[in-house]
Amino acid sequence: MKSAIKTVAAVGALAGSLAFSGMAHAADTIKVGVLHSLSGTMAISETALKDVMLFLIDEQNKKGGLLGKKIEPVVVDPASDWPLFAEKARELIEKEKVDVVFGNWTSVSRKSVLPVFEELNGMLFYPVQYEGEESSRNIFYTGAAPNQQAIPAVEYLMSEEGGSVERWVLAGTDYVYPRTTNKILESFLKAKGVPAEDIMINYTPFGHSDWQTIVSDIKSFASAGKKTAVVSTVNGDANVPFYKELGNQGIKAEDIPVVAFSVGEEELAGIDTGPLVGHLGAWNYFMSVDSPENEAMIKKWHAFIGDDKRVFNDPMEAHYIGFTMWAQAVEQAGTTNIDAVRQAMYGQTAPNLTGGIAEMNTNHHLSKPVLIGEIQDDGQFATVWETDGVVVGDAWSDFLPESAKLTADWTYPWVCGNCEKPKHLTN
Amino acid sequence: MSVTNNADASRMRTVFFSILFVLLSLLAFSFPAHAQQNDAALNAALSDLNARSFKAKTAAVQALGVYGDARAVAALEALSEGRLYGRKSDKSVVIAERDGKIYRLTDPATGVSAGEATSRELKKIIANNKLRGLIRGVLGQLALSSSDSELRRAAVENVISSPTGGSLALLKSARDRETEDDIRARLETGIATLELGSDDPALRRAAVDRLADGNDPEIKSLLERRLLKNADGSFVESDAQVRAEVQEAVSRINDRLALFGLAEDLIFGISLGSVLLLAAIGLAVTFGVMGVINMAHGEMIMLGAYTTFVVQEVFRVTMPAEAFGFYLLAAIPAAFLVAATFGILIERGCIRFLYGRPLETLLATWGVSLILQQMVRSLFGANNREVANPDWISGAISIGGGVSVTVSRVYIVIFCLVVVAALAAFIRYSRFGLQMRAVTQNRGMASAMGIRTGQVDALTFALGSGIAGVAGVALSQISNVSPNLGQNFIVDSFMVVVFGGVGSLWGTIVGAFGLGIVNKFLEPVSGAILGKVVVLVIIILFIQKRPRGLFAFKGRAAEG
């Protein structure tokens, strides 16, 4: 009897102290979830985003945190496994009780977590260029929509300065982002008068390493006498053998330029970029841009990470813009309550690292500049073309007939992510 | 000529040489003035390269081409390769080579050193793709008259790929001067492609005749464009007789290209098959001899690839630069030993206790594979590791007809055949091979004959793992070196072994090459993804008919 009472008392004390510490813990810090793959095929791209989130949180804590509390990062590893992304998102929101999540890279991972965020009313900041055709109340898209990356890149290649390209190879990994982007690009090219036989579309699985046949097909497609370019939406580490095969088969950028939408400074850091010089990337930010904000940021980043050789890229800048806007919105709203912060987000501005101001629009997309750059042999990009001002992100592409009718606007009177008419009509 | 007096002869020699000397010095003095005129124009055009807009840079490059001065070559090459800079202080254009923290500068026209500068004092002159294409054409023109045949060969290719208005005349005069046969043949082809558009139908017919013997897909599409119609309905090629000849030439080239297409699919299939074979051969040994389903086999390949990375790093630090390319040869025995060691550890530590229980072995080795993956991830990081291709393995071999095979894959095919031959010889002729075969055929009888089956098992597992490690060395050249490397190959390895017949080396060889060739013949038709699906379905159907695979090993019947 005595031992039973002792056991119950011990368990009770333990449970009580745990609960108490849990409560005290929750009151002291603001939790920010970081949902990026730290292993698997996407680790090559996503590990740097986890690092930049830790850097940004550290910088904010040095300034005194948020609402007087310290910010605590909660890092999980969904391991490039799309269903695991959804599980980890649920864990972050329900168990860890984070106030916001910064995460994802591939669109399939985002589609996987979307129902979780909508069910549990969470908030996700998604920093990567994507295919559009989505605007969720619970996601803020700080990466480029197709009209801020894909379309300007193709227009540049069509122009005289870009080489007056007339034949197109659209090569992508087999999942929603390349499939949708290629649908939009095909529609755009046909609207510009490119005949169907001048467009070749091709998909490969994640991690594909045998590119011999495809590169050979690209070479023969390009030998028809018209200038040919490859628009690559290949994601993850399949890019490494792809570029190696291009280099080995002697495909020079002057003959067949390859513009990639998912290859940035981070992916190039793991490749021998000698044979890639002249191939292109289209982003809203390059590490090589000469501006005081960019220099200052890179210096602080190198000091934090302790390695001069680490690079900074577009999705990392997107996280910086998103985190800055979120912190400002929290301060303005005076709380981390998601609905209040969401209202405070509209109209938030933050300085771009390349100069100019980024603004969060009511369709949950940013206004950003577009830069096209050529790969240099040190793994950096040299800007060869840029927009004069900023381009407002368009969630629903004007080049797909079903989408052109739709508007995304989460403020009154629309309050809808994909409607043809406002939900609340004023008569 | 009669022999004159010695004194007279020497006086005449003195007079002759003094006149020569005066003439030469006169010429020498006049050259600088002439050169100075050219110098001024050249320097002006060179400094125009440091313009802001690509349009102005294009005009400057074209001007340098028109001057035809060979001293512009260095500047143009540097601009194309990203080594041309503008010095901010005096706006002069220099070629800069990096040396640590500073840049060593040279004057582009003279090659004379122009001092040093830091990166702050220089601004790189950026070229874009269009400009690089133009530079290639201009360099070709400037180098067409070079005395070096290699330079001439490259120049001819450059002019043919980026021709301008004056290229035809240039090529013709180069052809008249040319002494080497292969360069002259290439010049004739180039002239023929340009003469396709000439006004004289006889010249056009001769050009078509010349081009009909080739097998270049670009030339075929050039000819095809002559058969198209203009906007007003008339043919691009106005002469009917020439049109008929073009038609015939195109169909002849098409036939030849179809053969080349088949050859290309076959060659790619063989190279894919050799990759599959390398990955699967170790599994054939362990699965065949011991009946152990080793899910950690892919990780053995991965360990071999990482060993290659470590050897590369060691070479980078300790060896001189010329010897760096041979790290691959040193990596082969290293990878074998590392993977074999891990193989013995797995066998002694885990599999030995699970003989005769295939399901438990499968689970246990799956767990071991996860442990190995995480171990590598913790040691080396989750990201890919860069394994550089040494120079002798880069590039491609062109077979004609637009077919080219990368050198790395050719080496992999040869390497694979060597490894398989060595393994077959080892199994056939060595004492250990005899013991291995005995244990495979009838374990009980072999044990009764005095063979230590436990030791044979351990060493067989080591052999299979070691070969997987060696496969990892080869695969590090064409695939990503990441902790997930093993996962990419494990399924394919099992497919090959099951399809070819468990325990049979020949089965694995035929199975691997068969699957590779089928995959590559399907890929142009159905795409990469559907091709894999179709191959999997074919194997499943085949196994229904012949559960033991292609080359069923009769000896296993004795064990039942």
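Here the structure is a predicted model, which means the values were calculated and not measured.

Parameters and conventions
- Residues numbered from 1 in each chain as written.
- Chains lettered and ligands numbered in written order.
- Predicted model: local features only at pLDDT ≥ 70, side-chain atom pairs only at ≥ 80, totals over all residues.
- Helix = DSSP H or I, 4+ residues; strand = E, 2+ residues; numbered from the N terminus.
- Rg over C-alpha atoms; globule rule 2.2 N^0.38 Å.
- Buried ≥ 20, exposed ≤ 12 C-beta atoms within 10 Å, placed from the backbone.
- Contact = placed C-beta atoms within 7 Å.
- Axes fitted to C-alpha atoms, helices over the stretch in contact; angles between N-to-C directions.
- Parallel < 35°, antiparallel > 145°, perpendicular 65-115°, else oblique.
- Left-handed = near helix turned anticlockwise from the far one by under 90°.
- Nonpolar A, V, L, I, M, F, W, Y, C, P; charged D, E, K, R; others polar.
- Expected span 1.5 Å × (residues − 1).
- Pairing = 2+ DSSP bridges.
- Arc of directions from axis to C-beta.
- pLDDT = per-residue confidence, 0-100.
- Domains from an automatic or database assignment.
- Core = buried A, V, L, I, M, F, W, Y, C linked by C-beta atoms within 7 Å.

So, the overall build of chain B
Okay, step 1: Within chain B, the secondary structure is distributed over 21 helices and 7 strands.
Okay, step 2: The globule rule puts the C-alpha radius of gyration for 560 residues at 24 Å, and the 33 Å found for chain B is more than 25% above it.
Okay, step 3: Dimensions of chain B, computed from C-alpha atoms along their principal axes, come out at roughly 110 × 65 × 65 Å.
Okay, step 4: Here chain B, with 560 residues, has 41% of them falling under the buried criterion.

Some words on the overall build of chain A
Okay, step 1: Looking only at helices and strands, chain A has 13 helices and 18 strands in total.
Okay, step 2: Taking 2.2 N^0.38 as the reference for a compact globule, 427 residues should give roughly 22 Å; the C-alpha atoms of chain A span a radius of gyration of 23 Å, in line with that estimate.
Okay, step 3: Considered along the principal axes of its C-alpha atoms, chain A spans approximately 90 × 60 × 45 Å.
Okay, step 4: Taken across its 427 residues, chain A has 54% of its residues classed as buried.
Okay, step 5: The contacts of chain A with a sequence gap of at least 6 include a subset with a gap of at least 24, amounting to 69%.

Looking at the packing of helix H3 (residues 82-95) of chain A against helix H4 (residues 107-120) of chain A
Residues and elements named next belong to chain A.
Okay, step 1: Running from amino to carboxyl end, H3 crosses H4 at an angle of 30°, the nearest separation of the two axes being 8 Å. Relative to H4, the element H3 is oriented roughly parallel. Remark: the crossing between H3 and H4 carries right-handed chirality. Contacts from Trp82, Pro83, Phe85, Ala86, Ala89, Arg90, Ile93 and Glu94 of H3 reach H4 at Val108, Ser109, Ser112, Val113, Val116, Phe117 and Leu120.
Okay, step 2: Residues belonging to the contact of H3 with H4 are distributed by class as follows: 11 nonpolar, 2 polar and 2 charged.

Some details on H4(A)
Owing to its 3.6 residues per turn, the α-helix aligns residues three or four sequence positions apart on the same side.
Okay, step 1: Helix length check: H4(A) (14 residues) gives 20 Å between terminal C-alpha atoms against 20 Å at 1.5 Å per residue, within 8%.
Okay, step 2: Those residues of H4(A) not exposed but buried are A:Ser107, A:Ser109, A:Arg110, A:Ser112, A:Val113, A:Val116 and A:Phe117.

Points about the pairing of strand E3 (residues 102-106) of chain B
For a regular strand, side chains alternate in direction, first toward one face of the sheet and then toward the other.
Residues and elements named next belong to chain B.
Okay, step 1: Alternating residues of E3 divide into Tyr103 and Leu105, all buried, and Ile102, Arg104 and Thr106, none buried.
Okay, step 2: The pairing of strand E2 (residues 93-99) with E3 spans 5 bridges and is antiparallel. Bridging from a neighbouring strand, arginine 98 pairs with tyrosine 103 of E3.
Okay, step 3: Linking E2 to E3, which pair antiparallel, is a turn of 2 residues; within it glycine 100 sits at a positive phi near 75°.
Okay, step 4: Two strands pair when backbone bridges link them, and E3 and strand E4 (residues 113-118) are joined in this way by 4 bridges, in the antiparallel orientation. Within the sheet, the bridge partner assigned to isoleucine 102 lies in E4 and is threonine 118.

A look at H3(A)
Residue and element names in this part refer to chain A.
Okay, step 1: Here H3 is 14 residues long and its end C-alpha atoms lie 20 Å apart, about the 20 Å a rise of 1.5 Å per residue gives.
Okay, step 2: Taken as a whole, H3 has its buried residues at Phe85, Lys88, Ala89, Leu92 and Ile93. Buried residues along H3 cover an arc of 130° about the axis, so they all sit on one side. Exposed and oriented more than 90 degrees from the buried face of H3 are Pro83, Glu94 and Lys95.
Okay, step 3: One or two steps after H3, the chain reaches lysine 97, where phi turns positive at roughly 55°.

Details of the interface of chain A and chain B
Okay, step 1: Taken together, the contact between chain A and chain B spans 46 residues of the former and 44 residues of the latter.
Okay, step 2: Elements with a minimum of two residues in the side of chain A that touches chain B: helix H2 (43-62), strand E7 (199-204), helix H7 (212-221), helix H8 (239-248) and strand E15 (381-386) of chain A.
Okay, step 3: For the side of chain A that touches chain B, the element with the highest residue contribution is H7(A), accounting for 6 residues.
Okay, step 4: Residues of the side of chain A that touches chain B, tallied by class, amount to 13 nonpolar, 22 polar and 11 charged.

A word on the sheet that holds strand E2 (residues 70-76) of chain A
Note on sheets: strands pair through backbone hydrogen bonds, and any given pair is parallel or antiparallel.
All names here are of chain A.
Okay, step 1: Strands sit in the order E2-E1-E3-E4-E5 across an open sheet of 5 strands; the sheet is parallel. Edge positions in the sheet fall to E2 and strand E5 (139-141), since each of these pairs with one other strand and no more. Strand-to-strand twist in this sheet, taken as the mean axis angle between neighbours without regard to direction, amounts to 25°.
Okay, step 2: Both strand E1 (residues 29-35) and E2 contribute to a ladder of 7 bridges, which runs parallel.

Observations regarding the confidence of the model for chain A
Okay, step 1: Of all residues in chain A, 94% have pLDDT values of 70 or greater, and the mean over the chain is 89.
Okay, step 2: Scored below 50 in pLDDT, residues 21-25 of chain A shows 0 contacts in the model against residues more than four places distant or in partner chains.

Comments concerning the sheet that holds strand E6 (residues 167-173) of chain A
Residue and element names in this part refer to chain A.
Okay, step 1: Pairing is mixed across the open sheet formed by 7 strands, whose spatial order is E7-E6-E8-E9-E10-E14-E15. In this open sheet, the two strands that pair with only one neighbour each are E7 and E15. For this sheet, the mean inter-axis angle between neighbouring strands, taken without regard to orientation, is 25°.
Okay, step 2: Across the sheet, H7 is in contact with E6, E7 and strand E8 (228-233); its angle to E6 comes to roughly 165°.

A few points about the pairing of strand E6 (residues 396-400) of chain B
Residue and element names in this part refer to chain B.
Okay, step 1: Judged from the 4 bridges that link them, E6 and strand E7 (residues 403-406) form a sheet pairing that is antiparallel. When the bridges of E7 are listed, serine 398 appears paired with serine 404.
Okay, step 2: Hairpin geometry of E6 and E7 is characterised by an intervening segment of 2 residues between the two adjacent antiparallel strands and by a positive phi of about 65° at glycine 401.

Considerations on the confidence of the model for chain B
Residues and elements named next belong to chain B.
Okay, step 1: Averaged over every residue, the pLDDT of chain B is 82; residues scoring 70 or more account for 92%.
Okay, step 2: Long-range and interchain partners of residues 27-35, a stretch whose pLDDT sits below 50, account for 0 contacts in this model, where long-range means more than four residues apart.
Okay, step 3: In the predicted structure, residues 556-560 sits below a pLDDT of 50 and forms 4 contacts with residues beyond four places in sequence or in another chain.
Okay, step 4: Reported confidences for the modelled complex are a pTM of 0.79 and an ipTM of 0.77.

Considering the domain arrangement of chain A
All names here are of chain A.
Okay, step 1: When cut into domains, chain A gives domain 1 (7-145 + 292-369) and domain 2 (148-289 + 372-402).
Okay, step 2: Placing the centre of domain 1 and that of domain 2 at their C-alpha centroids yields a distance of 29 Å.
Okay, step 3: If you look at the interface, domain 1 gives 36 residues, while domain 2 gives 34 residues.
Okay, step 4: If you list the elements that add at least two residues to the side of domain 1 that touches domain 2, you get H2, H4, helix H10 (292-305), helix H11 (314-333) and strand E13 (367-368).
Okay, step 5: Taken together, the residues of the side of domain 1 that touches domain 2 break down into 14 nonpolar, 15 polar and 7 charged.

Overview of unusual backbone geometry
Okay, step 1: A cis amide bond links A:Tyr412 with the next residue in sequence, A:Pro413, at an omega value of 10°.
Okay, step 2: Structurally, A:Pro413 is set in the loop between strand E17 (407-409) and strand E18 (416-419).

A look at the nonpolar core
Okay, step 1: A:Ala89, A:Val101 and A:Val259 are the most contacted members of the largest nonpolar core, which has 119 residues in total.
Okay, step 2: In terms of residue count, the dominant contributor to this core is H11(A) (10 residues).
Okay, step 3: Of the residues that make up this core, three or more belong to each of domain 1 (7-145 + 292-369) and domain 2 (148-289 + 372-402) of chain A.
Okay, step 4: Excluding residues that lie within four positions of it along the chain, A:Ala89 makes contacts with A:Leu35, A:Val101, A:Val113, A:Val116 and A:Phe117.
Okay, step 5: Within the second largest apolar cluster, 84 residues are counted, among which are B:Phe287, B:Cys416, B:Val456 and B:Leu485.

Some details on the environment of A:Ile201
Residues and elements named next belong to chain A.
Okay, step 1: Looking at where isoleucine 201 falls in the secondary structure, it is placed in strand E7.
Okay, step 2: Expressed as a C-alpha distance, the spacing of isoleucine 201 and glutamate 186, which sit 15 residues apart in the sequence, is 9.0 Å.
Okay, step 3: Leaving out residues up to four positions away in the same chain, isoleucine 201 has contacts with Leu170 and Asn182.

So, the packing of helix H11 (residues 297-318) of chain B against helix H17 (residues 453-478) of chain B
Residue and element names in this part refer to chain B.
Okay, step 1: One way to put it is that H11 packs onto H17 with a least axis distance of 7 Å and a crossing angle of 55°. Taken together, the axis directions place H11 and H17 in an arrangement best described as oblique. Between H11 and H17 lies a crossing whose hand is right-handed. Residues His297, Met300, Ile301, Met302, Leu303, Gly304, Ala305, Thr307, Thr308 and Phe309 of H11 lie in contact with H17, whose contacting residues are Ser465, Ala468, Gly469, Val470, Ala471, Gly472, Val473, Leu475 and Ser476.
Okay, step 2: Residue classes in the contact of H11 with H17 are distributed as 11 nonpolar, 8 polar and no charged.

A word on the environment of A:Thr213
Okay, step 1: Within the fold, A:Thr213 resides in helix H7.
Okay, step 2: Under the C-beta neighbour-count criterion, A:Thr213 is labelled buried, with 24 such atoms within 10 Å.
Okay, step 3: Ignoring sequence-local partners within four residues, the contact set of A:Thr213 consists of B:Phe268, B:Lys520, B:Glu523 and B:Pro524.

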